[in-house]
Amino acid sequence: MCGRTACTLNPDTLRRACNYEDATGKRRTTAWTKSDVEYVPSANIGPKDALPCMVAGSHFGNEDERVLCAMMWSMIPPWHEGDYRKHNLSTHNARLENIGNSKLYSGPLRKGQRCIVICEGYYEWKAGKTKKDGKQPYYIYAAQEKGVKADDPSTWKDEFSEEDGWRGFKVLRMAGIFNTFKTVEGKVIHSCTIITTEANSVLSWLHNRVPVFLNKEENARVWLNEELSVAEAVDKLNKLTLSDGDLSWHTVSTLVNNVLCKSKDCRKERSPVEEKKNSSSSFMASWLKKGSAESAKKRSIETNKNDKVPEKISKME
């Protein structure tokens, strides 16, 4: 399952990070296509926020083999009417096992509306040993070159060349499906879902579902190939597996639990012990602050009482 992602790279840097080899073997950056959905870089992106997606340029009448398009993360059902943000279905993830026969996803699939969802990493929560234990959030991302820290952009390069390609932070590429929706105002809203599959031993200790990753160029090319039938495309995804060394991860703060918190601290590495210690310290600080405020209030009341005594005595005299 994937219910929260992070993507903080600016739109121009993403063009280079999402480079690809075209049909002639030339290394190219990926241009953005116009969209009525705005991509806003964030370390905590939730369903119905915007994600950058790579799509075959032909879907937009573009001569480029691939383009980048900002899409709302949570595919709008084909039959939906009214406010597109108010559809009540959970469509940010789609099970690979069911998409071929799904009333929701089979239509867009038949139209070849396949995309690759881009992010720097995603979050997953590991359940505690008992129901009383809180869930521990983890940040999962592509394995990086030595010295590159996923939670420290100062260690990331921003280098691209046609010979070597992208030399910066390695983004994750996830198989997705997209749809289009036209509002009454005439806006065209693109929305997407991330396809998930059963986790193997690499991440099954954390969760039983994982996104389908397309980080190898040949796999990305196959998924975006509109000439492949739905059955062929799905069959190709079924054969993809995670290998040891493909991903890295670390524990993070429970700040990420709140989707309204967009701080880059959400992906900052933090040990569970440190998190518990900080939570305890915050609680103690809050308790002491509350106690100090109540003591100050009590002193203020007593002082006011004492201040009024001479006044009464004066009147009596």
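Residues numbered from 1 in each chain as written. Predicted model: local features only at pLDDT ≥ 70, side-chain atom pairs only at ≥ 80, totals over all residues. Heavy atoms only, no water.

(A) A look at the side chain of S191. Considering the arrangement of structural elements, one finds S191 in strand 15 (residues 188-198). Looking at S191, its side chain comes within polar contact range of the main-chain nitrogen of I76, at 2.8 Å. Filtering out sequence-adjacent residues up to four positions away, S191 remains in contact with M71, M72, S74, M75, I76, I177, F178 and N179. (Helix = DSSP H or I, 4+ residues; strand = E, 2+ residues; numbered from the N terminus. Polar contact = N/O pair within 3.5 Å; in protein donor to acceptor, adjacent residues only side chain to side chain. Contact = heavy atoms within 4.5 Å.)

(B) Quick look at the environment of F169. Looking at the secondary structure, you find F169 in the loop between strand 13 (165-166) and strand 14 (172-182). Linking F169 and K149, residues 20 residues apart in sequence, is a C-alpha distance of 9.0 Å.

(C) Structural detail: the confidence of the model for the protein. Mean pLDDT for the protein: 87, with 85% of residues reaching 70 or above. Predicted confidence is poor over residues 279-289, with pLDDT under 50, and the contacts of this stretch with residues over four places away or in other chains come to zero contacts. (pLDDT = per-residue confidence, 0-100.)

(D) Local environment of the environment of A94. The topology assignment puts A94 in strand 8 (residues 93-95). For A94, a relative accessible area of 2% corresponds to the buried category. C-alpha separation for the pair A94 and P211, spaced 117 residues apart in sequence, amounts to 9.3 Å. (Buried < 20%, exposed > 50% of the residue type's maximum accessible area, 1.4 Å probe, protein only.)

(E) Summary view of the pairing of strand 9 (residues 114-119). Judged by how many residues are buried, strand 9 sits mostly within the fold: six of six residues are covered. Neither face of strand 9 is left uncovered, since the one carrying R114, I116 and I118 and the one carrying C115, V117 and C119 both have all their residues buried. In terms of strand pairing, strand 6 (residues 50-56) meets strand 9 through three bridges, oriented antiparallel. Residue M54 lies in a different strand from strand 9, and its bridge partner there is I116. (Pairing = 2+ DSSP bridges.)

(F) A look at the state of the cysteines. Scanning the model with the defined rule gives zero disulfides in all. Here C2 stays unpaired: no disulfide links it, and the sulfur of C119, its closest cysteine neighbor, is 6.2 Å away. No disulfide involves C192; its sulfur sits 3.8 Å from that of C53, the nearest cysteine. Residue C192 is classed as buried on the basis of its relative accessible area, which comes to 0%. (Disulfide = S-S within 2.5 Å.)

(G) Spotlight on the pattern of salt bridges. The tally for this structure, following the rule as stated, stands at 14 salt bridges. Among the salt bridges present, the one from K262 reaches D49, with a minimum N-O distance of 2.9 Å. Placement of K262 in the loop between strand 17 (247-251) and helix 5 (272-316) and of D49 in the loop between strand 5 (42-45) and strand 6 is noted, with a sequence separation of 213 residues between them. The partly exposed category is assigned to K262, whose relative accessible area is 37%. The closest approach of N and O atoms between D235 and K239, which form a salt bridge, is 3.3 Å. Taken together, the shared-partner salt bridges in this structure form one network comprising D12, R15, R16 and D158. (Salt bridge = Lys/Arg side-chain N within 4 Å of Asp/Glu carboxyl O.)

(H) View of unusual backbone geometry. Phi is positive for K48, close to 80 degrees, though the residue is something other than glycine. For K48, the location among the structural elements is in the loop between strand 5 and strand 6.

(I) Up close: the environment of T155. Relative to the helices and strands, T155 resides in the loop between strand 11 (136-142) and strand 12 (160-161). Here T155 is in contact with G147, V148 and K149, once residues within four sequence places are set aside. A polar atom in the side chain of T155 sits 2.9 Å from the backbone nitrogen of K149.

(J) Quick peek at helix 4 (residues 230-238). For helix 4, the full list of buried residues reads A233, V234 and L237. Looking down the long axis of helix 4, one finds its buried residues gathered within 95 degrees of arc, a one-sided arrangement. Residues of helix 4 that are buried sit in contact with strand 9, strand 14, strand 15 and helix 3 (217-223). (Arc of directions from axis to C-beta.)

(K) Just the sheet that holds strand 17, in detail. In spatial order, the strands read 5-1-10-11-17; together these five strands make up an open sheet with antiparallel pairing. Strands at the two margins of the open sheet, each flanked by one partner only, are strand 5 and strand 17. Strand-to-strand, the axes of this sheet are offset by a mean angle of 25 degrees, without reference to chain direction. Here strand 11 runs beside strand 17; their pairing, made up of five bridges, is antiparallel. Bridge pairing in strand 17 links A142 to L247. (Axes fitted to C-alpha atoms, helices over the stretch in contact; angles between N-to-C directions.)

(L) Broad picture of the packing of aromatic side chains. If you walk through the whole model with that rule in mind, you get eight aromatic pairs. Measuring from ring centre to ring centre gives 6.0 Å for W32 and Y39, while their planes differ by 20 degrees; the resulting arrangement is stacked. For W32, a relative accessible area of 27% puts it in the partly exposed group. A connected cluster of aromatic rings, assembled from ring pairs, spans Y123, Y139 and Y141. The ring centre of W223 lies 5.2 Å from the NZ or CZ of R114, which sits over that ring. (Phe/Tyr/Trp six-rings, centres within 6.5 Å; stacked < 30°, edge-to-face > 60°. Lys NZ or Arg CZ within 6 Å of the ring centre and 35° of its normal.)

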